[in-house]
Amino acid sequence: METMESCVPPGFRFHPTDEELVGYYLKKKIACQKIDLDVIRDIDLYRIEPWDLIDRCRIGYEEQSEWYFFSHKDKKYPTGTRTNRATMAGFWKATGRDKAVYEKMRLIGMRKTLVFYKGRAPNGQKTDWIMHEYRLESDENGPPQARNSNPHYIIVPCTKK
């Protein structure tokens, strides 16, 4: 696997808010619009293990504790709405409730928190890897049935405790 060269100046820090991740980065990605500074990588989340994100999604040259990337949502079944979150080594399991992301008091997206488990459900072993999956969520995106049928991108910051 090849790592991408850093395209940011020394000292650059990338700490976007939930609103910026959804309202700027994710919205532009889904609309196929240019993002001013291309620092978020495209990866296939389901073909890469969390510990491989460190090199694949590095921004700049300094130590990082969060890695950001875009990934298509993968369906568990071709005609279903359930999301496939399995990798070769384990699976991402949702935890808690989804959190609404607002921009000027208008709902623009949702954030889902997931934890990585090694092995297979239901006997997987919980790890320290946590990820936040963001999705667009507004009236202009159409009804939930239509949204779920489209292979939308998700944007994900991933951390290790």
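Everything below is about the structure shown above.
Residues numbered from 1 in each chain as written. Predicted model: local features only at pLDDT ≥ 70, side-chain atom pairs only at ≥ 80, totals over all residues. Heavy atoms only, no water.

## Some details on the overall build of the protein chain
Item 1. Looking only at helices and strands, the protein chain has 3 helices and 6 strands in total.
Item 2. Along the protein chain, helices and strands appear, N-terminal first, in the series α-β-α-β-β-β-β-α-β.
Item 3. Counting every position in the protein chain, which comprises 161 residues, the buried fraction comes to 40%.
Item 4. When contacts within the protein chain are restricted to residue pairs at least 6 apart in sequence, those whose partners lie at least 24 apart make up 66%.
Item 5. Only carbon and sulfur atoms are counted for the fraction: they give 50% of the accessible area of the protein chain, which is about 10000 Å². (Helix = DSSP H or I, 4+ residues; strand = E, 2+ residues; numbered from the N terminus. Buried < 20%, exposed > 50% of the residue type's maximum accessible area, 1.4 Å probe, protein only. Contact = heavy atoms within 4.5 Å. Areas by Shrake-Rupley, 256 points an atom, 1.4 Å probe, with all protein chains shown as cover.)

## Some thoughts on the side chain of K112
Item 1. Examined against the element boundaries, K112 turns out to sit in strand β4 (residues 106–118).
Item 2. What makes K112 buried here is its relative accessible area of 16%.
Item 3. In terms of polar contacts, K112 uses its side chain to reach the side chain of D98, at 3.1 Å.
Item 4. Once residues within four sequence positions are removed from consideration, K112 is found in contact with R85, A94, D98, M131, H132, E133 and R135. (Polar contact = N/O pair within 3.5 Å; in protein donor to acceptor, adjacent residues only side chain to side chain.)

## Considerations on the packing of aromatic side chains
Item 1. The tally for this structure, following the rule as stated, stands at 7 aromatic pairs.
Item 2. When the centroid spacing of 5.6 Å and the interplanar angle of 45° are considered together, the rings of W67 and W129 count as tilted. One end of the pair, W67, is in strand β2 (residues 66–72); the other, W129, is in strand β5 (residues 125–136), with 62 residues separating them in the sequence.
Item 3. Of the residues examined, W67 reaches a relative accessible area of 6% and is grouped as buried.
Item 4. In this structure an aromatic cluster arises from ring pairing among F14, Y24, Y25 and Y68.
Item 5. When the ring centre of W51 is taken as origin, the NZ or CZ atom of K118, which lies over that ring, is 5.2 Å away. (Phe/Tyr/Trp six-rings, centres within 6.5 Å; stacked < 30°, edge-to-face > 60°. Lys NZ or Arg CZ within 6 Å of the ring centre and 35° of its normal.)

## What to know about the environment of E49
Item 1. Residue placement: E49 occurs in the loop between β1 (41–42) and α2 (53–56).
Item 2. With a relative accessible area of 11%, E49 lands in the buried category.
Item 3. Along the backbone, E49 and G90 are 41 residues apart, and their C-alpha atoms lie at a distance of 8.2 Å.
Item 4. Setting aside chain neighbours within four positions, we find E49 in contact with T87, M88, A89, G90 and F116.
Item 5. In this structure the side chain of E49 is engaged in a polar contact, spanning 3.3 Å, whose partner is the backbone nitrogen of M88.

## Some thoughts on the side chain of D18
Item 1. Considering the arrangement of structural elements, one finds D18 in helix α1 (residues 18–30).
Item 2. Since its relative accessible area comes to 15%, D18 is described here as buried.
Item 3. Looking at D18, its side chain comes within polar contact range of the side chain of K99, at 3.5 Å.
Item 4. A distance of 3.2 Å separates a polar atom in the side chain of D18 from a polar atom in the side chain of R111.
Item 5. If near-sequence neighbours (up to four positions away) are discounted, D18 is found in contact with K99, V101, R111 and Y134.

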